[in-house]
Amino acid sequence: MDVIVFHDALRTESTTWAGHNPDRPIQPPRVQFSRSNTNSDPSMGTHRLLKKNSKSSLGAIREAVAEYLEDQKKFIDDLAREHLVDKERVKGMIINGSTYTST
């Protein structure tokens, strides 16, 4: 009768790939950063500044878009009054004219 001898590494840890392949190299695990060290990371300070700047520029963009939409609304009202048509019809001609529909 043949005797089966197990490798020592397989006896201790047989559920992992490294346990099944003790002679093969493994990829080193990733380093986990703790939350307490992120405040000392210099890139985080830059990240905070960029986030602050993007929030302020986003507010400026929102104001500009709101101003544009108000001007567009006034333009549609003036155009409808000038041509004696309903403003919904003018709005439909402007907005739907640039919308593509699939068939």
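Basis of the calculations
- Residues numbered from 1 in each chain as written.
- Predicted model: local features only at pLDDT ≥ 70, side-chain atom pairs only at ≥ 80, totals over all residues.
- Heavy atoms only, no water.
- Helix = DSSP H or I, 4+ residues; strand = E, 2+ residues; numbered from the N terminus.
- Buried < 20%, exposed > 50% of the residue type's maximum accessible area, 1.4 Å probe, protein only.
- Areas by Shrake-Rupley, 256 points an atom, 1.4 Å probe, with all protein chains shown as cover.
- Salt bridge = Lys/Arg side-chain N within 4 Å of Asp/Glu carboxyl O.
- Patch = residues over 30% accessible without salt bridge, like charges linked within 9 Å, V, L, I, M, F, W, Y side chains within 5 Å.

So, the overall build of the protein chain
Line of reasoning, step 1. Scanning the protein chain from terminus to terminus reveals 4 helices and 0 strands.
Line of reasoning, step 2. The helix and strand sequence of the protein chain, counted from the amino end, reads α-α-α-α.
Line of reasoning, step 3. Out of the 103 residues belonging to the protein chain, those deemed buried represent 4%.
Line of reasoning, step 4. Of the roughly 10,100 Å² of accessible surface on the protein chain, 57% is carried by carbon and sulfur atoms.

As for the pattern of salt bridges
Line of reasoning, step 1. Counted according to the given criterion, the structure contains 3 salt bridges.
Line of reasoning, step 2. Between arginine 81 and aspartate 78 there is a salt bridge whose closest N-O contact spans 3.1 Å. Of this pair, arginine 81 and aspartate 78 both sit in helix H3 (residues 42–83), separated by 3 residues, roughly a single helical turn.

Section: unusual backbone geometry
Only a minority of non-glycine residues have a phi that is not negative, and only a minority of peptide bonds are not trans.
Line of reasoning, step 1. Even without being glycine, leucine 84 reaches a positive phi, approximately 55 degrees.
Line of reasoning, step 2. Looking at the element boundaries, leucine 84 is found in the loop between H3 and helix H4 (87–95).

Some thoughts on a nonpolar patch on the surface
Line of reasoning, step 1. Together, Ile61, Val65, Tyr68 and Leu69 line one region of the surface with nonpolar side chains, adding up to about 400 Å² of accessible area.
Line of reasoning, step 2. Mapping leucine 69 onto the fold places it in helix H3.

Looking at the environment of lysine 91
Line of reasoning, step 1. Counting through the fold element by element, lysine 91 comes out in helix H4.
Line of reasoning, step 2. Overall, the relative accessible area of 34% leaves lysine 91 in the partly exposed class.
Line of reasoning, step 3. On a C-alpha basis, the gap between lysine 91 and aspartate 77 in space is 9.0 Å, while along the polypeptide they are 14 residues apart.

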